[in-house]
Amino acid sequence: MTKRQRDDKTFELAQIDSLNLSNSMPQRGGTRSYQVVNDGTDDQFVLYGYSRSVARTIVAWIFIVLTVGFLRLVFYWKPHWFLRCCCTRADLAVAQYVLLKDRYQQWYVETVLTINTNPNSAHSNDSRNFVPTNPSSYDSLSERQQADDPDSHRYFINKRWRYVWEEAEYKFKKLLGVEENVKCEYFSQIRPLTVEQRAQKKIIYGENSIGLRLTPILHLLIREVLTPFYIFQLLSCILWFIDEYVAYASCIMFITVLSVIVTLREVRKNERALRDTVHQSEVTTVVIYNPETNEEEQRDIISEDLIPGDIIIIRGSTTMQCDAALLNGNVIVNESMLTGESIPVTKVQIPYYQSSSDHPALNQTFDLREHNRFILFSGTSVIQTRYYGAGDVRAMVLRTAFGTAKGELVRSILYPKPVDFKFNTDTYRYVGGMALIAFGGMIFSMVLRVIRHEPVGVIIKRTIDIITIAVPPALPAALSAGLVYAQNRLKKDNIFCISPRSINICGSINTVVFDKTGTLTEDGLDLQCVVPIIRTYNTTNDARQVQFGSEITEVTNLNWREDETQSMIIVCMAACHTLTRINGELAGDPLDLKMLAFTQYELYEPAANEQSNFDTLFPTIVRPINTPKDVASPLGRFSGSVSSLIAGNIPFEIGIVRQLPFSSSLQRTSVIVRILAKDSFDLLTKGSPEKIAELSRPETIPKNFNDILSSYAKQGYRVLALAYKPLELNYVKIQRIEREKVENDLIFLGLVIMENRLKPQTEGVLKILSNANIRTIMCTGDNMLTALSVARDCDMIPDDAKIIVIEATESNRTPTFTYAQVFNRRVKEVRYDLNSHRLIELDRRSPYHFAISGKSFQIVRDEHPELLHRLCVRGTVFARMLPEQKQQLIETLEELG
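Along each chain, numbering runs from 1 in the same order as the chain's sequence is written. Selection of residues for local features in this predicted model requires a pLDDT of at least 70, selection of side-chain atom pairs for listing and counting requires 80 or more, and totals for whole chains, interfaces and linings are taken over all residues. As a convention, hydrogens and water are excluded, and side-chain values are obtained from all of the structure's heavy atoms.

Student: I'd like a description of the overall build of the protein, backed by residues and values.
Tutor: In terms of regular secondary structure, the protein is built from 28 helices and 38 strands. Here a residue-residue contact requires only that any non-hydrogen atoms of the pair lie within 4.5 Å. Taking the intrachain contacts of the protein between residues at least 6 apart in sequence as the baseline, contacts between residues at least 24 apart amount to 69%. Secondary structure elements are defined from DSSP: runs of H or I of at least 4 residues count as helices, runs of E of at least 2 residues count as strands, and each element is numbered from the N terminus.

Student: Any chance you could break down the environment of D91 for me, citing the residues and the numbers?
Tutor: Within the secondary structure, D91 is located in the loop between β3 (87-89) and β4 (97-102). Look at D91 and you get buried, because its relative accessible area is 15%. Note on exposure labels: buried denotes an accessible area under 20% of the residue type's maximum, exposed denotes more than 50%, and partly exposed covers the range between, all computed with a 1.4 Å probe on protein chains only.

Student: With reference to specific residues and values, describe the pairing of strand β8 (residues 161-166).
Tutor: The buried count for β8 comes to five of six residues, which makes it a mostly enclosed element. Two elements, strand β7 (residues 152-158) and β8, share four bridges in a ladder whose sense is antiparallel. Directly across from Y155, in β8, lies its bridge partner V164. Should DSSP find at least two bridges between two strands, the strands are taken to pair. If you look at the hairpin formed by β7 and β8, you'll find two residues sitting between the two strands, and K159 has a positive phi there, around 50°. Here β8 runs beside strand β9 (residues 171-174); their pairing, made up of four bridges, is antiparallel. The partner of W165 across the bridge, within β9, is F172. Here β8 hands over to β9 after four residues, with Y170 in that stretch at a positive phi of 55°.

Student: So, the nonpolar core: which residues are in play, and what are the values?
Tutor: Only buried residues count toward a nonpolar core. Its members are Ala, Val, Leu, Ile, Met, Phe, Trp, Tyr and Cys residues joined through side-chain atoms within 4.5 Å. Residues M573, I654 and L684 are the most contacted members of the largest nonpolar core, which totals 37 residues. If you list the elements that add at least two residues to this core, you get β21 (526-538), α17 (564-575), α18 (590-599), β25 (601-604), β27 (654-663), β28 (668-675), β30 (718-727) and β31 (747-755). Sorting elements by how many residues they give to this core places α17 first, with eight residues. In this structure, V531, I533, L695 and I734 belong to the second largest nonpolar core, which totals 28 residues.

Student: Please set out empty space enclosed by the protein residue by residue, giving values where relevant.
Tutor: Empty space among the atoms can be located by rolling a probe the size of a water molecule over them. Using a grid of 1 Å spacing that covers the protein atoms alone, one calls a set of points a cavity when a 1.4 Å probe fits there but cannot get out, and a pocket when the set is open and has protein on both sides within 12 Å along at least five of seven lines; lining residues are those with an atom within 4 Å of a point. Grid points are joined across faces, edges and corners, and a volume is the space filled by probe spheres set on the points. Using the criterion set out here, one finds three cavities of 30 Å³ or more in the structure. There is about 80 Å³ of room inside the second largest cavity. Along its surface, the second largest cavity is lined by N208, S209, I210, G211, V278, H279, Q280, Q321, S378 and K406. Class assignment for the residues of the lining of the second largest cavity results in two nonpolar, seven polar and one charged. Gly counts as polar in this scheme, as do all residues outside two lists: the nonpolar Ala, Val, Leu, Ile, Met, Phe, Trp, Tyr, Cys and Pro, and the charged Asp, Glu, Lys and Arg.

Student: Go over a nonpolar patch on the surface, please, and point to the residues and values.
Tutor: Taken together, the side chains of V54, I58, V59, I62, F63 and L66 present a nonpolar region at the surface, about 600 Å² in accessible area. On the secondary structure map, V54 appears in helix α2 (residues 54-66). The exposed category is assigned to V54, whose relative accessible area is 60%. Surface patches are drawn from residues lacking salt bridges whose relative accessible area is over 30%; two like charges belong together within 9 Å, two nonpolar side chains (Val, Leu, Ile, Met, Phe, Trp, Tyr) within 5 Å. Where accessible areas are quoted, they stem from the Shrake-Rupley method and a 1.4 Å probe; at the residue level, only the protein chains shown are allowed to cover. By definition, a salt bridge exists where a carboxyl oxygen of Asp or Glu is found within 4 Å of a side-chain nitrogen of Lys or Arg.

Student: Go over α17, please, and point to the residues and values.
Tutor: Helix span, expected: 1.5 Å multiplied by one less than the number of residues in the helix. Along its 12 residues, α17 runs 16 Å from first to last C-alpha, staying within 8% of the 16 Å computed at 1.5 Å per residue. α17 sits mainly inside the fold: 11 of its 12 residues count as buried. All of the buried residues in α17 are T565, Q566, S567, M568, I569, I570, V571, C572, M573, A574 and A575.

Student: Describe the sheet that holds strand β18 (residues 381-386), naming the residues involved and giving the relevant values.
Tutor: Within a beta sheet, neighbouring strands are joined by backbone hydrogen bonds and run either parallel or antiparallel to one another. With antiparallel pairing, four strands are arranged side by side in an open sheet as β13-β18-β15-β16. At either end of the open sheet lies a strand with only one pairing partner, and these are β13 (318-319) and β16 (344-347). Where strand β15 (residues 330-334) meets β16, four bridges bridge the pair, whose relative direction is antiparallel. In the sheet register, I332 faces β16, and the bridge partner there is T346.

Student: Quick rundown of the sheet that holds strand β12 (residues 311-313)? Include the residues and the values.
Tutor: Pairing within the open sheet is antiparallel, and its six strands lie in the order β11-β10-β12-β19-β14-β17. The two strands at the open ends of the sheet, each matched to only one other strand, are β11 (295-302) and β17 (375-376). Two elements, strand β14 (residues 323-326) and strand β19 (residues 394-399), share four bridges in a ladder whose sense is antiparallel. Bridged to A325 within β19 is M396.

Student: If you had to explain the pattern of salt bridges to someone new, which residues and values would you point to?
Tutor: If you walk through the whole model with that rule in mind, you get 22 salt bridges. R268 is the partner of E271 in a salt bridge, and the nearest nitrogen-oxygen pair spans 3.8 Å. Taken together, the residues span about one helical turn, with E271 and R268 both in helix α10 (residues 246-278) at a distance of three residues. Here R452 ties to E454 by a salt bridge, and the two come within 4.0 Å at their closest N and O atoms. Connected through shared salt-bridge partners, E169, K171 and K173 make up one network.

Student: I'd like a rundown of the environment of L258, residues and numbers included.
Tutor: Turning to its location among the elements, L258 is positioned in helix α10. In sequence terms L258 and S480 are 222 residues apart; their C-alpha atoms lie 9.5 Å from each other.

Student: Can you lay out the confidence of the model for the protein for me, pointing to particular residues and giving the numbers?
Tutor: For every residue, the predictor reports its confidence as pLDDT, a number between 0 and 100. Here the protein averages 76 in pLDDT, while 78% of its residues score no lower than 70. Here residues 1-30 is modelled with pLDDT under 50, and outside its nearest four sequence neighbours on either side it reaches 39 contacts, counting other chains as well.

Student: Can you break down a negative patch on the surface residue by residue, with the values?
Tutor: Counted as positive: Lys and Arg. Counted as negative: Asp and Glu. His and the chain ends are not counted at all. Charge positions are represented by NZ for Lys, CZ for Arg, CG for Asp and CD for Glu. A cluster of like negative charges, contributed by E763, D793, D795, D799 and D800, occupies part of the molecular surface. Examined against the element boundaries, D799 turns out to sit in the loop between α25 (784-793) and β33 (802-807). Residue class for D799 comes out exposed when judged on its relative accessible area of 66%.

Student: Quick one: what's the story with the side chain of H849, residue by residue and with numbers?
Tutor: Locating H849 in the fold gives a position in strand β37 (residues 848-853). Owing to a relative accessible area of 17%, H849 belongs among the buried residues under this scheme. In terms of polar contacts, H849 uses its side chain to reach the side chain of T876, at 2.7 Å. H849 has contacts with M796, I797, P798, A801, K802, I803, I804, R874 and T876, leaving out every residue within four places of it along the chain. Pairing of N or O atoms within 3.5 Å defines a polar contact, subject to two protein rules: one partner must be a possible hydrogen donor and the other a possible acceptor, and residues neighboring in sequence count only if both atoms are side-chain atoms.

Student: Describe in detail the packing of helix α26 (residues 854-863) against helix α27 (residues 865-874), supporting the description with residues and values.
Tutor: Packing of α26 against α27 brings their axes to within 6 Å, and their N-to-C directions diverge by 130°. Between α26 and α27, the crossing angle belongs to the class labelled oblique. For the pair α26 and α27, the contacting residues are F857, V860, R861, D862 and E863 in the first and P865, L867, L868 and L871 in the second. Partitioned by chemical class, the residues of the contact of α26 with α27 number six nonpolar, no polar and three charged. A fitted line through C-alpha atoms serves as each axis, taken over the contacting stretch for helices, and the angle formed by two N-to-C directions is quoted from 0 to 180°. Oblique is the label for any angle not covered by the other classes, which are roughly parallel (under 35 degrees), roughly antiparallel (over 145) and roughly perpendicular (65 to 115).

Student: Could you give me a rundown of unusual backbone geometry, with the residues and numbers involved?
Tutor: Phi angles above zero are rare outside glycine, and Y170 is one such case at about 55°. Relative to the helices and strands, Y170 is located in the loop between β8 and β9. In this structure, R880 takes a positive phi of about 50° despite not being glycine. For R880, a relative accessible area of 18% translates into the label buried.

Student: I'd like a description of the packing of aromatic side chains, backed by residues and values.
Tutor: Aromatic pairs are defined between Phe, Tyr and Trp rings, using the six-membered ring for Trp, whenever the two ring centres lie within 6.5 Å; interplanar angles under 30 degrees are classed as stacked, those over 60 as edge-to-face, and all others as tilted. A full pass over the atoms with the stated rule returns 12 aromatic pairs. A centroid spacing of 6.4 Å and a plane angle of 80° characterise the contact between F548 and F748, whose relative ring orientation is edge-to-face. One end of the pair, F548, is in strand β22 (residues 543-548); the other, F748, is in strand β31, and 200 residues separate them in sequence. This pair shows no difference in class: F548 is buried, exactly as F748 is. A cation over an aromatic ring shows up here: K78 above the ring of W81, its NZ or CZ 5.9 Å from the ring centre. Placement of a charge over a ring requires the Lys NZ or Arg CZ to be within 6 Å of the ring centre, with the centre-to-atom vector within 35 degrees of the ring normal. Over the ring of W161 we find K174, and its NZ or CZ is 4.4 Å from the ring centre.

Student: Before we move on, could you go through the state of the cysteines and cite the residues and values that matter?
Tutor: Cysteine sulfurs are considered disulfide-paired once they come within 2.5 Å of each other. Enumeration according to the criterion identifies zero disulfides in this entry. Free cysteine: C572, not disulfide-bonded; nearest cysteine sulfur from C576 at 4.7 Å. Judged by relative accessible area, which is 0%, C576 ranks as buried.

What follows is the structure in structure tokens.
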């Protein structure tokens with residue numbers, strides 16, 4: 001993207017913002033001919049209202065006839081011009097059409113429809129259809145009829161989203177699910193919908209389907225042929241036939257027809273493949289409330305009839321057809337369709353369902369992204385459901401159809417974000433430059449032939465013939481043939497492309513961004529060692545000391561019989577995970593599997609008659625593999641150390657009471673467990689060392705913590721920290737308490753060192769990219785020093801290049817520059833000027849690379865946007881990056897071109 005294009009986009013966004021501020025709070029009954037929709041998102045656009053004008057329409061069609069249809073062809077390319085010619089601006093409350101302009105300068109024209117939400121109304125549409133079966137009958141309603149009918153709603157559809165007119169707010173709003181702007185207390189009061197409520201909502205939300213209709217071949221042909229290039233090619237061939245260039249014109253026509261046929265075949269094939277992939281339908285059990293009997297009923301319906309607000313029963317070995325909040329129990333799902341990782345994920349019940357009124361989080365606003373650990377997303381496969389108690393596993397439908405996570409994914413395929421590649425810009429510049437040359441040649445040729453008194457027919461043919469020589473009419477056919485050939489070559493290597501036109505611009509890619517774990521390095525991790533904490537007593541100053549012990553490579557070397565800390569390390573490594581058994585096989589994160597194997601423990605899920613030791617409330621149990629299973633349990637419970645329990649004559653078993661899943665924003669995962677024969681519960685936590693140290697008691701952390709962590713990170717190891725905390729809470733509070741209230745004041749236990757090897761092909765691939773002058777970047781959620789070590793090992797950063805770390809903190813938001821792994825040396829290559837807020841390069845000859853953490857990246861992006869582009873140009877390692885920060889980095893790189 002050029003500087004001028006960026007300036008134009010900035011001006012457009014500023015214009016949108018000014019429209020939003022000037023027209024944000026219109027009074028009901030006022031006049032509003034435009035508004036800003038989806039403010040601050042990628043789908044943001046300005047909306048203008050229009051109504052048809054008979055006089056303007058007649059005049060427009062007169063000119064279309066006079067131009068022999070050429071003006072209508074121009075209107076086909078520019079539909080917003082046609083709307084402006086045939087319609088006049090109107091208040092959005094009565095507009096018949098809306099004109100949309102998005103933040104990428106794209107225009108859309110949509111028709112405003114009307115629907116009646118009263119199922120018994122004569123004008124109501126079939127509740128099974130998303131769009132009214134006969135929209136024209138609703139459009140014919142007079143404005144007075146619509147105003148007098150409270151069941152009448154106006155809406156339009158753009159990119160598969162439905163936007164409904166809100167009379168109270170006097171604007172169009174995107175129709176979302178039931179989670180829109182609701183507090184968490186909403187889930188404590190929900191109950192199943194009645195039949196009448198479902199019927200009314202079905203009319204509003206429409207069918208729960210992501211079905212894609214195949215575009216008719218005639219429409220595909222018109223769309224492909226009626227482009228400026230093909231029209232120009234058609235006119236050129238007609239001219240050549242008139243001028244008796246029959247052979248050349250016939251060849252061009254044959255190649256063009258062949259390329260169009262092949263292109264249509266590929267488009268239809270891709271459409272059919274996408275339709276077959278995304279369209280699914282299942283029978284779902286929905287819970288319905290009967291007000292006459294005041295009881296709940298269960299009915300089996302097809303998934304297309306689901307609506308937001310439905311309470312459904314979740315069963316194993318099914319696929320979710322909607323986004324739903326889990327109300328009770330645990331569900332193990334496979335989210336590989338959405339994330340690409342086929343690791344089982346455990347979803348836990350939402351803590352607000354049927355909670356007491358004093359729950360501290362009830363006043364929080366419910367957010368799908370923040371509460372995703374409670375959400376079953378559409379397209380994910382349900383592997384197992386678990387609920388240890390009476391009843392079924394229930395969930396409440398939040399979003400349906402294209403509003404779901406799967407629907408958003410399909411929308412991104414159908415309506416990709418436009419990317420302004422330099423290749424496209426250069427193509428248009430080339431054609432435009434050649435057209436200017438041809439225009440000059442046409443004038444010169446015409447003047448010269450007029451002077452020679454040549455016949456008029458010859459002058460016209462020879463003059464027009466010049467532009468067919470300067471601007472190659474065969475260019476579209478050549479490009480299409482090249483695309484088909486390239487697509488076939490890619491297909492041989494099992495590389496598929498749903499947008500063939502993107503193949504041409506692949507050659508202009510100049511930057512590739514890699515993740516680290518599983519991309520540059522192997523998926524599996526080898527457990528190198530455990531570094532436990534040792535607590536000693538210093539008789540000299542009468543104080544306890546905490547220090548790291550020696551590396552432990554075998555669990556038998558841990559002094560668990562006498563040391564409580566090392567006993568808890570075993571418990572934490574064995575139980576702090578989300579592993580599960582699927583068809584008898586242990587499944588889950590490979591890292592968790594390695595840690596469980598190291599402890600020589602086993603995980604099993606007891607049947608109902610095996611739960612007596614745990615009051616029938618523990619779904620998962622972890623215990624040593626070699627523990628005799630026929631030893632009787634003690635009659636009473638007693639308090640004691642974990643080491644004494646392990647060494648005792650009773651079965652040592654750990655019951656996992658509650659799981660607090662991993663969150664990238666929190667950088668940790670936790671479980672709450674109760675050890676058999678122990679009266680209290682324990683919180684077990686593992687995560688990034690920096691975060692665990694922040695949450696732990698200072699007196700439990702060794703003074704050389706940072707030095708030890710750095711020493712392992714510099715060697716490229718992945719480091720995890722372990723901690724625990726005894727909990728003096730009862731079972732009810734354990735299930736409802738917020739994780740932030742228990743994940744603090746932890747007792748630090750030690751470090752787990754994992755070896756993450758480079759993939760064999762990593763260095764070769766990076767060398768190929770480097771030789772092609774393609775820049776490589778690492779963007780990872782791992783530790784900074786670990787990422788720098790891997791970048792050095794794979795030659796992403798050469799050995800002779802310096803690494804400059806950019807740091808900015810909450811207390812000191814001014815960016816500082818330091819050499820990585822080198823202290824007390826002033827950076828000579830760059831300097832940041834506080835007055836002008838500019839990054840000044842002092843030494844352009846010395847090779848250097850920027851490295852930055854996620855926290856510093858966010859501060860730079862918010863406080864120093866002028867530095868962000870320079871950072872992205874020179875930045876090579878981005879560590880501890882959250883998913884949204886990774887997306888922001890990619891968007892910034894795209895802006896830079």
